[in-house]
Amino acid sequence: MLLEFEIIKKVLCVAEKNDAAKGIAELMSNGRSRRREGLSVYNKIYEYEYNLFGQNVTICMTSVSGHLLALEFKAHFQKWHSCNPVMLFDAEVEKYCPDNFVQIKRTLEREVRQCQALVIWTDCDREGENIGYEIIDVCKDVKPNIQVFRARFSEITPNSIRRACESLTEPDINVSDAVEVRQELDLRIGAAFTRFQTLRLQKIFPGSLSNQLISYGSCQFPTLGFVVERFKAIQAFIPETFFKIKVVHEPSEEESVEFGWKRHRLFNHTACLVLYQMCMENPMATVISVTTKPKSKWRPLPLDTVELEKLASRKLKIGAKETMKIAEKLYTQGFISYPRTETNMFPKNLNLVPLVEQQRQDNEWGPFARRILESGGPTPRNGNKSDQAHPPIHPSKYTNNLQGNERRLYEFIVRHFLACCSKDAEGQEMTVEIDIAKERFSASGLTIIARNYLEVYPYDKWYNKVIPLYAPDTTFQPTAIEMVEGQTSPPQLLTEADLISLMEKHGIGTDATHAEHIETIKSRMYVGLTTDQRFLPGELGMGLVEGYNSMGYEMSKPDLRAELEADLKLVSEGRKDKASVLRHHVAKYKAVFIESVKKAKKLDEALSSYLGEAQEFTEQEEQELEMPLPVRKCLQCSRDMVLKKKKDNTGKFLSCLGYPACKACIF
């Protein structure tokens, strides 16, 4: 390898976005890079000298804009009426460069010709690895013998970039393959079901759906299913009346203590009434015990992507999509570490002291950062998840020049980092237990001794609750003993944070795609938002979920997709191969599709409950609406054969779905 290094004079480096390329070039060149234009106006080229592979080389740093290539069916399958949608499970697909990225591709082709090595600087996650292979494929088409290296980094800071340059590695084909499997399955499943349900339902419900795209996705549908399931649980909820006894003691005008019943509540009115009357007959309260014990409020765990999305939604009221957009920008500007991570524990080799030190200069949280350093340094509370690729999200550079939501999110990430490096809040809890007619009641008070992490983390609340001092074995007359009635409450509609939690729990999508799937069901009008930002299913969303569920295929349930996500993880780890996983899941979804087409009327019936009566059709029109299903495989090309009517209506014949390329037929 060293012999090969000797002939390297010029190196092409490619980042995932222009901002990242600019930031990395700035650090590697110490601000002395020379900028020139690429063929794409959005993707500049930065040139500078750098010591790489133990020698001085010229670096040519540029970028793509996310995925350079896209996957699509070959031309004759792309038109909606070109084939039976079932064919899309087996149709040929190809990678191509979309028109808006052609100039980026041409820049790479032009620049790589003068280079002896290619270094991939895309984001270090699954998508980034796949984008890296797209870049490699484009460059190798022009220069097959180009040497390829992978830079691995988690933040755009001097130390991180220097370490990446010193430990260049090979790109990981297994990780890229997992993305290829997901892309192909999403294309085949999404296109087949979307064409089927859109073409059918537009004709069945022309009044409401004539211009509506009724899309299907194997992640978006379970996501919709969670919303519908919660709504139905609320609809089906029958409130139950319960009864409980409440004791109030007001030792003085300024003090009032409410004692809760140890039984909590009873659903039998008579039983509660009997116990209440016993208390009223002998209403003196005897203090049974007074106990005090230390109470802690735990500081937060280090921040992973899912927690960032949930907390930003709950605490800052910033949606997941906007949160990730801002986080990506903060990362490419070098202010935070890579924001797509499943890790919630800091690696032992990551020195947190400099990260805390750089926050000392801030007027608001600077004093807290100094106290962490003065009291023994950062001692983070760690979780138990690690993706072995990136540390938890943390600030990598101090700034006070941000505005709006960018500032709010950066401040949240800083405060969260300092909080988890601090100490738990400490308090003393006092619990008083009393007896009235052999019924037990208790009340608790809290005295906060040390706020610790709460001083820097205003997003968590913990309050003092003062109760008077009671002595054991003393008695007092309660101010009031009441029997109160209440009703059980239904669950609430899901918030965005709730939905992300369910997606994570059931393996729907990844931390990188949760926001995208939620956005899709909103844009398709499958769900709407209430005034307090909770998800409410729309009529179309309800009808689709109920229709597919009534077929016996619970496609709105997470099981199908969760199995795929688990297999993708195994592909990325090299424990399963790309082809077998692809074959298995294509066959499984194809079988579900064929059954769904057979039972399509169940979809019509479910939607008619929400959209009104379905359009009436003659018998002939009904037959035209039906999609011919595969009967057998063609002996010539192995594609499916379907039953079709002869033009003169005198009978039927088997025709190959490969027509016109394959003209096989059986009369």
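Parameters at a glance
Residues numbered from 1 in each chain as written. Predicted model: local features only at pLDDT ≥ 70, side-chain atom pairs only at ≥ 80, totals over all residues. Heavy atoms only, no water. Helix = DSSP H or I, 4+ residues; strand = E, 2+ residues; numbered from the N terminus. Buried < 20%, exposed > 50% of the residue type's maximum accessible area, 1.4 Å probe, protein only. Contact = heavy atoms within 4.5 Å. Salt bridge = Lys/Arg side-chain N within 4 Å of Asp/Glu carboxyl O. Expected span 1.5 Å × (residues − 1). Polar contact = N/O pair within 3.5 Å; in protein donor to acceptor, adjacent residues only side chain to side chain. Pairing = 2+ DSSP bridges. Axes fitted to C-alpha atoms, helices over the stretch in contact; angles between N-to-C directions. Domains from an automatic or database assignment. Parallel < 35°, antiparallel > 145°, perpendicular 65-115°, else oblique. Nonpolar A, V, L, I, M, F, W, Y, C, P; charged D, E, K, R; others polar. Core = buried A, V, L, I, M, F, W, Y, C linked by side-chain atoms within 4.5 Å.

Undergrad: Hey, could you go over the side chain of Glu 565 for me, with residue numbers and the actual values?
TA: Considering the arrangement of structural elements, one finds Glu 565 in helix H18 (residues 559–572). Since its relative accessible area comes to 11%, Glu 565 is described here as buried. Residue contacts for Glu 565: discarding those within four places in its chain leaves Arg 126, Cys 219, Gly 507, Gly 509 and Thr 510.

Undergrad: Requested: an account of the pattern of salt bridges, with residues and values cited.
TA: For the structure shown, the criterion picks out 50 salt bridges. Between Lys 578 and Glu 180 there is a salt bridge, with the nearest N and O atoms lying 3.4 Å from each other. Here Lys 578 is found in helix H19 (residues 578–598), whereas its partner Glu 180 is found in helix H6 (residues 173–204), with 398 residues between them in sequence. The partner of Arg 200 in a salt bridge is Asp 604, with the nearest N and O atoms 2.7 Å apart. On the criterion of sequence distance, the pair formed by Arg 200 in helix H6 and Asp 604 in helix H20 (residues 600–611) is long-range, its members being 404 residues apart. Residue class for Arg 200 comes out buried when judged on its relative accessible area of 5%. Beyond isolated ion pairs, a larger network of salt bridges with shared partners links Lys 10, Arg 36, Glu 47, Arg 110 and Glu 111.

Undergrad: Tell me about H6, and please be specific about residues and values.
TA: If you check H6, its first and last C-alpha atoms are 46 Å apart, about what 32 residues at 1.5 Å a residue would give, namely 46 Å. In terms of burial, H6 is a largely internal element, 26 of the 32 residues being buried. Among the residues of H6, the N-terminal cap falls to Asp 172, whose side-chain oxygen and the backbone nitrogen of Asn 174 are separated by 3.0 Å.

Undergrad: Before we move on, could you go through the environment of Val 353 and cite the residues and values that matter?
TA: Residue placement: Val 353 occurs in helix H12 (residues 353–357). Placed 19 residues apart in sequence, Val 353 and Ile 372 show a C-alpha to C-alpha distance of 9.3 Å. With residues up to four places along the chain from it excluded, the contact list for Val 353 reads Leu 373 and Pro 378.

Undergrad: Explain the side chain of Gln 358 to me, and be specific about the residues and the numbers.
TA: Mapped onto the elements, Gln 358 comes out in the loop between H12 and helix H13 (366–374). In terms of polar contacts, Gln 358 uses its side chain to reach the backbone carbonyl oxygen of Ser 396, at 3.2 Å.

Undergrad: Describe helix H2 (residues 18–28), naming the residues involved and giving the relevant values.
TA: Regarding H2, the residues found buried are Asn 18, Ala 20, Ala 21, Gly 23, Ile 24, Ala 25 and Met 28. Against strand S1 (10–15), strand S3 (45–52), strand S4 (55–63), strand S7 (117–121), helix H5 (158–166) and helix H11 (320–332) lie the buried residues of H2. Taken from the residues just after H2, Asn 30 is the one with a positive phi, measuring 55°.

Undergrad: Describe the sheet that holds strand S13 (residues 439–450), listing the residues and the values that go with them.
TA: Strand order in the open sheet formed by seven strands is S14-S11-S12-S13-S10-S9-S15, with antiparallel pairing between adjacent strands. The open sheet has two edge strands with one neighbour each: strand S14 (475–476) and strand S15 (480–487). The sheet contact formed by strand S9 (residues 241–252) and strand S10 (residues 255–261) spans four bridges and is antiparallel. Bridging across to S10, Val 248 finds its partner in Glu 258. Those strands touched by helix H9 (residues 269–281) are S9, S10, strand S12 (425–436), S13 and S15, and its axis lies near 165° from that of S15.

Undergrad: Describe the pairing of S10, listing the residues and the values that go with them.
TA: Between S9 and S10, which pair antiparallel one after the other, the connecting turn spans two residues. Here two bridges tie S10 to S13, and the two strands are oriented antiparallel to one another. Bridge pairing in S13 links Gly 260 to Ser 442.

Undergrad: Describe in detail the domain arrangement of the chain, supporting the description with residues and values.
TA: Segmentation of the chain into domains returns domain 1 (10–171), domain 2 (179–236 + 495–611), domain 3 (241–299 + 425–487), domain 4 (305–421) and domain 5 (632–666). When each unit is reduced to the centre of its C-alpha atoms, the spacing between domain 1 and domain 3 is 64 Å.

Undergrad: Requested: an account of the environment of Lys 246, with residues and values cited.
TA: Within the fold, Lys 246 resides in strand S9. A relative accessible area of 23% means that Lys 246 is categorised as partly exposed. Remark: the alpha-carbon pair of Lys 246 and Ala 480, spanning 234 residues in sequence, is separated by 8.0 Å. Apart from residues lying up to four places away in sequence, Lys 246 is in contact with Glu 258, Phe 259, Ala 480, Ile 481 and Glu 482.

Undergrad: So what about the packing of helix H4 (residues 126–142) against H6? Which residues, and what values?
TA: Between H4 and H6, the shortest axis-to-axis distance is 8 Å and the interhelical angle comes to 95°. Looking at the two axes, H4 sits roughly perpendicular to H6. Contact residues: Arg 126, Glu 127, Glu 129, Asn 130, Tyr 133 and Glu 134 in H4; Ile 173, Val 175, Ser 176, Ala 178, Val 179, Glu 180, Arg 182 and Gln 183 in H6. Broken down by class, the residue content of the contact of H4 with H6 amounts to five nonpolar, three polar and six charged.

Undergrad: Explain the nonpolar core to me, using residue names and the numbers behind them.
TA: Val 11, Met 28, Ile 59, Met 61, Trp 121 and Leu 418 are the most contacted members of the largest nonpolar core, which totals 72 residues. With sequence-adjacent residues up to four places away left out, Met 28 is seen in contact with Tyr 48, Tyr 50, Ile 59, Met 61, Trp 121, Ile 161 and Cys 165.

Undergrad: Tell me about the sheet that holds S4, residues and numbers included.
TA: Reading across the sheet, the six strands line up as S2-S3-S4-S1-S7-S8 and stay open at both edges, with mixed pairing between neighbours. Every other strand in the sheet has two partners, leaving strand S2 (34–36) and strand S8 (147–150) as the edge strands with one partner each. Taken over all neighbouring pairs, the strand axes of this sheet differ in orientation by 30° on average, direction set aside. Packed on one face of the sheet, H2 meets S1, S3, S4 and S7 and runs near 160° to S4. Docked against the sheet, helix H3 (residues 102–112) engages S1, S2, S3 and S4, running at close to 160° with respect to S1.

Undergrad: Residue-level account of the pairing of strand S20 (residues 652–656), with values.
TA: Among the five residues that make up S20, four are buried, leaving the element largely enclosed by the rest of the structure. Summarising the sheet, strand S19 (residues 640–645) and S20 pair through five bridges and their orientation is antiparallel. When the sheet's bridge partners are listed, Val 642 is paired in S20 with Ser 655. As paired elements, S20 and strand S21 (residues 665–666) share two bridges and run antiparallel to each other. Within the sheet, the bridge partner assigned to Leu 654 lies in S21 and is Ile 666.

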